[in-house]
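For reference, the chains in residue letters:
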Amino acid sequence: MTNKIREDIVENQLAGQESYQYLSPELKNKIEWFKNQKIGVIFHWGLYSQAGIVESWQLSEEDNWARKKGAWRSDLKTLRKDYWNLNKVFNPINFNPDEWAKKSKLAGFRYMLFTTKHHDGFNMYDTNYSEYKITSPNSKFSENKKSDIFKDIVEAFRKQNISVGAYYSKPDWHSYNYWEKDSFPKGRYASYDPKEKPEKWDAFNNYVTNQLEEICNNYGPIDILWLDGGWVNSQNNELLNMPDIAKKVRKINPKTLIVDRTIGGEFENYVTPERKVPNVVPKKAWESNIPIAKNWGYVPNDVFKPFNEILDSLVRVITLGGNVILGIGPKPDGNLPLEAENIMQKLGEWLNIFGEAVYNSRPDSHRKYNGLNLTVVQNKCYLFYHSDMVGNKVDLNKLSLMNHEVSLLENKKLLDIKNGFLVLPPTSFDYSVIKFKK
């Protein structure tokens, strides 16, 4: 089963060629740390879960793909008005961040990203720079003791030793300094040309800068600052002062990775191909971000991917040297969908057996042979094979793996080598792993 790449999200055209320029020692070490984590989770959660629509995209008139299979309201003016008022309805009374964190730990996730703000501008944390936030008296959930949702989430995940990062959308459709008051923007972009109204754009730049400093100061240490909304910094004169933003963020924590995704350059510390395994492996560190359902956020009756499809993507990405971050959309009441929990459980069970071939691994690229996928961790090599490859012969001489102890990872059973050939043994998993140890 292949997923159609959404036309509004494209892989950075330079991702396969671009290398790092200067990196501080702290960032060099942090990037290697990132490569070791291998598997993360990103939670897309906000007012759009209450509406049950594809994140906040229906607010953008030009993005009619988001309304093709059912607009939330029949006309855009009413849709925007009703959407902006969802904060008065959104009330996730079953939100239990400790349960999220425990289940994520059992699933094998090593790091977590959370949507502090999507394009709609609704802040899922207690910001001082906007009243359109979960903790505002205008928001239904504001009287709940867990109203500062991001705060409770990062605390819960840190208790489980899961690193935390902040997803933050650079555009803000609720800000009058981005979509001007009484304007009716046609697309996702600012409703004015920043070159024609530099003071207004400066005010917006300051707003973004202040919020990113705030997130890193008040909720830190933030391991990853994951900036979305790639048209900002690349189109229509919408240029944020990224050198200044990065300087202020790194003053708070020199080790924070900044991912100005799809932009390239100095402030894209790692590359983020979306919904795909890249055809050209980036030279920079990279992370395939893949939703476990059709949508990133919660949509009623969503179609979830079968676990074997997710596992296939994971194996392909890991053996190419990337990370995988899986997208989960919590329900408007705060619960995780049961389908998501089932996938998390299966992932955890698989990683509990085969995780040593995944975490801290690097691709064993010099041992390519007959499409086999291998990783290496220190002095150990791991060969991944699909169940439909059982019975195939592997020439260990061609893989330079003779004179190794060879075992099947799922049961630790030593395997026989005959005349330099290994016959791939039966397995009860879609993917199994053979371990080679000197």
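Since we're looking at a predicted model, the values are computed, not measured. (Residues numbered from 1 in each chain as written. Predicted model: local features only at pLDDT ≥ 70, side-chain atom pairs only at ≥ 80, totals over all residues. Heavy atoms only, no water.)

(A) Fine view of the overall build of the protein chain. Tallying secondary structure elements over the protein chain gives nine helices and 15 strands in all. Taking 22 Å as the expected radius of gyration for a compact globule of 438 residues, we find that the protein chain reaches 23 Å, a close match to that expectation. A total of about 19200 Å² of accessible surface is found on the protein chain, and carbon and sulfur atoms cover 46% of it. One finds the centroid of the 60 positive side-chain charges in the protein chain at a distance of 4 Å from the centroid of its 54 negative side-chain charges. (Helix = DSSP H or I, 4+ residues; strand = E, 2+ residues; numbered from the N terminus. Rg over C-alpha atoms; globule rule 2.2 N^0.38 Å. Areas by Shrake-Rupley, 256 points an atom, 1.4 Å probe, with all protein chains shown as cover. Lys, Arg positive; Asp, Glu negative; His and termini not counted. Charge placed at Lys NZ, Arg CZ, Asp CG, Glu CD.)

(B) Here's a closer look at helix α9 (residues 338–354). Under the 1.5 Å per step criterion, the end-to-end length of α9 is 24 Å for 17 residues, consistent within 8% with the ideal 24 Å. Regarding α9, the residues found buried are Ala340, Ile343, Met344, Leu347, Gly348, Trp350, Leu351 and Phe354. Structurally, α9 contributes buried residues whose contacts are with β1 (39–43), α4 (97–107), α8 (307–320), β7 (323–328), β10 (380–386) and β15 (431–437). (Expected span 1.5 Å × (residues − 1). Buried < 20%, exposed > 50% of the residue type's maximum accessible area, 1.4 Å probe, protein only. Contact = heavy atoms within 4.5 Å.)

(C) Broad picture of the sheet that holds strand β2 (residues 111–117). Ordered in space as β5-β4-β3-β2-β1-β7-β6, the seven strands form an open sheet in which the pairing is parallel. Each edge of the open sheet carries a strand with a single partner, namely β5 (257–260) and β6 (287–291). Adjacent strand axes in the sheet meet at a mean angle of 20° when their direction is disregarded. Inspection of the sheet shows strand β4 (residues 224–228) paired to β5 by four bridges, in the parallel sense. (Pairing = 2+ DSSP bridges. Axes fitted to C-alpha atoms, helices over the stretch in contact; angles between N-to-C directions.)

(D) Fine view of the packing of aromatic side chains. A complete count under the given rule lists 27 aromatic pairs for this structure. Relative to Tyr219, the ring of Tyr125 has its centre 5.7 Å away and its plane inclined at 90°; by these criteria the two rings are edge-to-face. In this pair, Tyr125 is assigned in the loop between β2 and α5 (149–159) and Tyr219 in the loop between α6 (198–218) and β4, connecting sequence segments 94 residues apart. Residues Tyr125 and Tyr219 agree in their burial class; the two are buried. Chaining the aromatic ring pairs together yields one cluster made of Phe43, Trp45, Phe90, Phe95, Trp100 and Phe157. (Phe/Tyr/Trp six-rings, centres within 6.5 Å; stacked < 30°, edge-to-face > 60°.)

(E) Representation of the sheet that holds strand β13 (residues 413–414) within the structure. With antiparallel pairing, the six strands of this open sheet are ordered in space as β8-β9-β10-β15-β12-β13. The sheet is open, and its two edges are formed by β8 (362–363) and β13, each paired on a single side. Strand direction decides the pairing type here: β10 and β15, joined by seven bridges, are antiparallel. Looking across to β15, one finds that Tyr385 is bridged to Ser432.

(F) Fine view of empty space enclosed by the protein. Taken as a whole and assessed by the stated rule, the structure comprises three cavities of 30 Å³ or more. As a volume, the largest cavity reaches approximately 80 Å³. Lining the largest cavity we find 13 residues, and of these Ala293, Gly297, Asp302, Phe304 and Gly329 sit closest to its centre. The class makeup of the residues in the lining of the largest cavity is eight nonpolar, four polar and one charged. (1 Å grid on protein atoms, 1.4 Å probe; cavity = no way out; pocket = protein on both sides within 12 Å on 5 of 7 lines; lining within 4 Å. Points joined across faces, edges and corners; volume = space filled by probe spheres on them. Nonpolar A, V, L, I, M, F, W, Y, C, P; charged D, E, K, R; others polar.)

(G) Structural context of the nonpolar core. Ranked by size, the top nonpolar core spans 99 residues in total, and within it Phe114 and Trp350 carry the most contacts. The residues touching Phe114, leaving out its near neighbours within four places in the chain, are Phe43, Trp45, Trp100, Met124, Ile149, Phe150, Ile153, Gly165, Ala166 and Tyr167. Core analysis: the second largest hydrophobic core is formed by 18 residues, Tyr369, Cys381, Met389 and Phe436 among them. (Core = buried A, V, L, I, M, F, W, Y, C linked by side-chain atoms within 4.5 Å.)

(H) Structural view of unusual backbone geometry. Pro221 follows Gly220 through a cis peptide bond whose omega is 5°. Inspection of the secondary structure assignment puts Pro221 in the loop between α6 and β4. Not every positive phi belongs to a glycine, and Thr262 is a case in point at roughly 75°. Along the polypeptide, Thr262 turns up in the loop between β5 and β6.

(I) Representation of the pairing of strand β3 (residues 163–169) in the model. Within β3, seven of the seven residues are buried, which leaves the element mostly enclosed by the surrounding structure. Of the two faces of β3, the one holding Ser163, Gly165, Tyr167 and Ser169 and the one holding Val164, Ala166 and Tyr168 are both buried throughout. Relative to β3, β2 runs parallel, the two being bridged by six bridges. In the sheet register, Leu113 faces β3, and the bridge partner there is Gly165. In the classification by handedness, the crossover that spans β2, the intervening α5 and the parallel β3 is right-handed. Here β3 runs beside β4; their pairing, made up of five bridges, is parallel. Bridging from a neighbouring strand, Ser169 pairs with Asp228 of β4. Once the chain exits β3 it traverses α6 before rejoining the sheet at β4, and the crossover so formed is right-handed. (Right-handed = clockwise from strand over helix to strand, strands pointing away.)

(J) Focus on the environment of Gln58. Secondary-structure assignment places Gln58 in the loop between α2 (47–51) and α3 (76–84). In sequence terms Gln58 and Tyr83 are 25 residues apart; their C-alpha atoms lie 9.5 Å from each other. In this structure Gln58 touches Ile53, Ala66, Arg67, Gly70, Ala71, Trp72, Leu76 and Leu79, once residues within four positions along its chain are discounted.

(K) Representation of the pattern of salt bridges. Applying the stated rule across the entire model yields 21 salt bridges. The shortest N-O distance in the salt bridge between Asp223 and Lys30 comes to 2.5 Å. One end of the pair, Asp223, is in the loop between α6 and β4; the other, Lys30, is in helix α1 (residues 25–37), with 193 residues separating them in the sequence. Taken individually, Asp223 and Lys30 each receive the classification buried, so the pair is uniform in this respect. Two residues, Asp260 and Lys170, come together in a salt bridge whose shortest N-O distance is 2.5 Å. Note that Asp260 is positioned in strand β5 and Lys170 in the loop between β3 and α6, a separation of 90 residues in sequence. (Salt bridge = Lys/Arg side-chain N within 4 Å of Asp/Glu carboxyl O.)

(L) Local environment of the environment of Lys437. You can see Lys437 is positioned in strand β15. On the basis of relative accessible area, Lys437 is assigned to the partly exposed category, the value being 36%. Remark: the alpha-carbon pair of Lys437 and Asn379, spanning 58 residues in sequence, is separated by 6.8 Å. Those residues in contact with Lys437 that lie beyond four places of it in its chain are Lys380, His404 and Glu405.

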